[in-house]
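Working through the structure, step by step
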Amino acid sequence: MEIRYIKPEEATDYLKVSAASFIWKFNAEEDTTVEVPVLAAFEEDKLIAGAEIFDFRTNYCGNFLNSVFISGVCSQPECRRMGGVREIMKKIGETAIENDWTFGFLQPFSIEYYEKFGYANLNRMFAIKVPFEKLKHIPRNTDVVLYTGEQFEELRKLHEKCALKENLMTLREEKKHFCDTPLESTDYTYIRYDSDGVADGYVRFIVGRPNDLIVEELFVLSVEALYGLIGFLRNYDGIVKNLIVRKQYQGSDFACVADRIDGVTYEYNGGAAGRIYNLQKLLENNTYPQEYGKFRLRCIDEFEQNNGIFDVEYQNGKAVVTRKPQVDYDISLTASAAARLMLAGEGHNSQTATYIEGVEIKGNANDFFRAFPYRHTRFSHSRWSI
């Protein structure tokens, strides 16, 4: 089986496999190109599986590290279970170092399936639904400007500041990452400004009359920005009944406000899965406690760059990370368990971690868990973000 990136003339072959896999209608006249790189599996020169590969930078403890987002994973139905997808995922891991990918992310149709490739659930998102009549205590606000593309640099910088607030938030560095055709698409982005005229938050939403205003993205730098944007959205309460804010998690900015309001409902809104492709780089970029600590971690991984024992000694927020030969260790993690404990930001300890598949605590691992506390974590993307 050959694994390689497709050539431009093979785009139609990939799109046909995608259509057969995801059950969408293929159009021979229109479906002729793919805008992003596609890594594919070929069996006897026939394309049997493929995946779209996106490069971007992700915030990890205040450092923006290169990552890969894997999308559109598909295989020809009659060629399933031939190993095409497995070989594609293997190729991604084997080339991660040369591509400088520290992490990988995807939207799993089945987390159990992708755990086989070292992925783990990062955070489970939910949509928060609040009747507008329950928001009357928040003053209406109009200190906003509709984004039309002219304010790209301002919005880009604002998003970067917001991304630094939450682990795994991605940078948006091109105009295509934001919707600049609000009137044509009815997909609106408004930027909010503080009393000094500085942008401090933005909201992206659609209006589904007569029932719901649906917020796809809500990013703020302050509580004033959050209340200001909610106050702006209240101006729509004459044509819709409810405010729905998607892609929230326990402890997110809007969730903290909604938790205090009666009549709020929550609905599961999916979540992302992630994997560590360069464990050494993660350990070197992690933010550690000020107090001295040390731990020895064994990682069980199919990829050479991660497989083995890592000795970590930290103090004053930084650490020295050293690869070790086969010696005793404090904690052992499979690839998916490592992603769960070190990326998801759940803040486990020696007791709760034992319930996670792939975790073995052999020594005193308290310093390991102190190094990976609860962190606000949100891997979030939209059709504009990639």
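Residues numbered from 1 in each chain as written. Predicted model: local features only at pLDDT ≥ 70, side-chain atom pairs only at ≥ 80, totals over all residues. Heavy atoms only, no water.

**Re the packing of aromatic side chains**
Two numbers describe a pair of aromatic rings. These are the distance of the centres and the angle of the planes. Using the following cut-off: Any Phe, Tyr or Trp ring, taking Trp's six-membered ring, that has another such ring centre within 6.5 Å forms a pair; planes under 30 degrees apart are called stacked, those over 60 apart edge-to-face, and the others tilted. Elements are defined by DSSP. Helices are runs of H or I of four residues or more, strands are runs of E of two residues or more, and each kind is numbered from the N terminus. When accessible area is computed with a 1.4 Å probe and restricted to protein chains, residues below 20% of their type maximum are described as buried, those above 50% as exposed, and intermediate ones as partly exposed.
Inspection of the entire model under this criterion finds 33 aromatic pairs. On the basis of an interplanar angle of 50 degrees and a centroid distance of 6.1 Å, the ring pair of Phe54 and Phe69 is categorised as tilted. With a gap of 15 residues between them, Phe54 in strand β3 (residues 46–60) and Phe69 in strand β4 (residues 63–75) connect regions that are remote in the sequence. We note that Phe54, like Phe69, is buried.

**Some details on the side chain of Asn167**
The following threshold applies: By definition, residues are in contact when any of their heavy atoms lie within 4.5 Å.
Relative to the helices and strands, Asn167 is located in the loop between α4 (152–163) and α5 (182–185). Non-local contacts of Asn167, meaning those with residues more than four positions away in its chain, are made with Asn59, Tyr60, Cys61, Arg375, His376, Thr377 and Arg378.

**Thoughts on α4**
Note the threshold: Expected span of a helix, by definition, is 1.5 Å for each gap between consecutive residues, and there is one gap fewer than residues. Within this analysis, the arc is defined by the directions that extend from the helix axis to the C-beta atoms.
With 12 residues, α4 ought to run about 16 Å at 1.5 Å a step, and its terminal C-alpha atoms sit 16 Å apart, in line with that. Residues of α4 that are buried: Phe152, Leu155, Arg156, Leu158, His159, Cys162 and Ala163. Seen end-on, α4 carries its buried residues on one side only, within an arc spanning 165 degrees. Close packing links the buried residues of α4 with β3, β4, β8 (188–193), β9 (199–208) and β10 (212–220).

**Overview of the nonpolar core**
Applicable threshold: To qualify as a nonpolar core, a set must consist of buried Ala, Val, Leu, Ile, Met, Phe, Trp, Tyr and Cys residues joined through side-chain atoms within 4.5 Å.
If you look at the biggest cluster of nonpolar residues, it comprises 43 residues, and the most contacted ones within it are Leu282, Leu283, Phe295, Leu333, Leu341, Met342 and Phe368. No other element matches the five residues that helix α9 (residues 335–342) contributes to this core. Ignoring sequence-local partners within four residues, the contact set of Met342 consists of Tyr60, Ile276, Leu279, Leu282, Leu283, Leu297, Leu333, Phe368 and Phe372. Membership of the second largest hydrophobic core comes to 31 residues, among which are Val144, Tyr188, Ala225 and Val240.

**Re the pairing of β9**
Here is the rule we go by: Being paired, for any two strands, means DSSP has found at least two bridges between them.
Within β9, seven of the 10 residues are buried, which leaves it mostly tucked inside the rest of the structure. Bridge count for β8 against β9 is six bridges, and the pairing is antiparallel. Paired with Tyr188 across the bridge in β9 is Phe205. As consecutive antiparallel partners, β8 and β9 are separated by five residues, and within that stretch Gly197 has a phi angle of approximately 80 degrees, a positive value. Direction of pairing for β9 relative to β10: antiparallel, over a ladder of eight bridges.

**Quick notes on the sheet that holds strand β17 (residues 359–361)**
As a reminder, the rule being used: Only the stretch in contact is used when a helix axis is fitted, and all axes are lines through C-alpha atoms; the angle between N-to-C directions ranges over 0 to 180 degrees.
Overall, mixed pairing links the five strands, which are arranged β15-β14-β13-β16-β17 in an open sheet. On the outer flanks of this sheet lie β15 (318–324) and β17, each paired with one strand and no other. For this sheet, the mean inter-axis angle between neighbouring strands, taken without regard to orientation, is 20 degrees. Inspection of the sheet shows strand β16 (residues 331–334) paired to β17 by three bridges, in the antiparallel sense. Bridging across to β17, Leu333 finds its partner in Val359. Sheet strands in contact with α9 are β13 (293–300), β16 and β17, and its direction is about 110 degrees off that of β16.

**Overview of the layout of surface pockets**
Regions of empty space are outlined by a rolling probe, equal in size to a water molecule, passed over the atoms. What counts, and what does not: Note on definitions: the grid is 1 Å and covers protein atoms alone; a cavity is a set of points where a 1.4 Å probe fits but cannot get out; a pocket is an open set with protein on both sides within 12 Å along at least five of seven lines; lining residues have an atom within 4 Å of a point. Grid points are joined across faces, edges and corners, and a volume is the space filled by probe spheres set on the points. Residue type decides the class: Asp, Glu, Lys and Arg count as charged, Ala, Val, Leu, Ile, Met, Phe, Trp, Tyr, Cys and Pro as nonpolar, and the leftover types, Gly among them, as polar.
Each pocket or cavity is described by its volume, and for the largest pocket that value is around 720 Å³. In terms of lining, the largest pocket is formed by 28 residues, of which the most central are Val73, Val85, Phe109, Tyr113 and Tyr114. For the lining of the largest pocket, the per-class residue count stands at 16 nonpolar, eight polar and four charged.

**Things to note about the environment of Lys46**
Along the chain, the position of Lys46 falls in strand β3. Considered as a pair, Lys46 and Asp13 are 33 residues apart in the sequence and their alpha carbons are 8.7 Å apart. Beyond its immediate sequence surroundings of up to four residues, Lys46 is in contact with Ala41, Glu78 and Cys79.

**So, the pairing of strand β2 (residues 38–43)**
Extensive coverage of β2 is indicated by the burial of five of its six residues. Taken together, the four bridges between strand β1 (residues 2–5) and β2 define a ladder with antiparallel strand orientation. The residue of β2 that forms the bridge with Glu2 is Phe42. Note that β2 and β3 share six bridges and pair antiparallel. Bridged to Phe42 within β3 is Leu47. Counted between consecutive antiparallel strands, the loop separating β2 from β3 contains two residues, among which Glu44 sits at a positive phi close to 55 degrees.

**A look at the pattern of salt bridges**
How we decide: Counted as salt bridges are all cases of a side-chain nitrogen of Lys or Arg within 4 Å of a carboxyl oxygen of Asp or Glu.
The full count for this structure, using the stated rule, is 21 salt bridges. Two residues, Arg4 and Glu2, come together in a salt bridge whose shortest N-O distance is 3.3 Å. Glu2 sits in the partly exposed class, given a relative accessible area of 38%. Here Asp200 ties to Arg192 by a salt bridge, and the two come within 2.5 Å at their closest N and O atoms. Arg192 shares its class with Asp200; the two are buried. Each of Arg172, Asp187, Arg204 and Glu217 takes part in one network of salt bridges that share partners.

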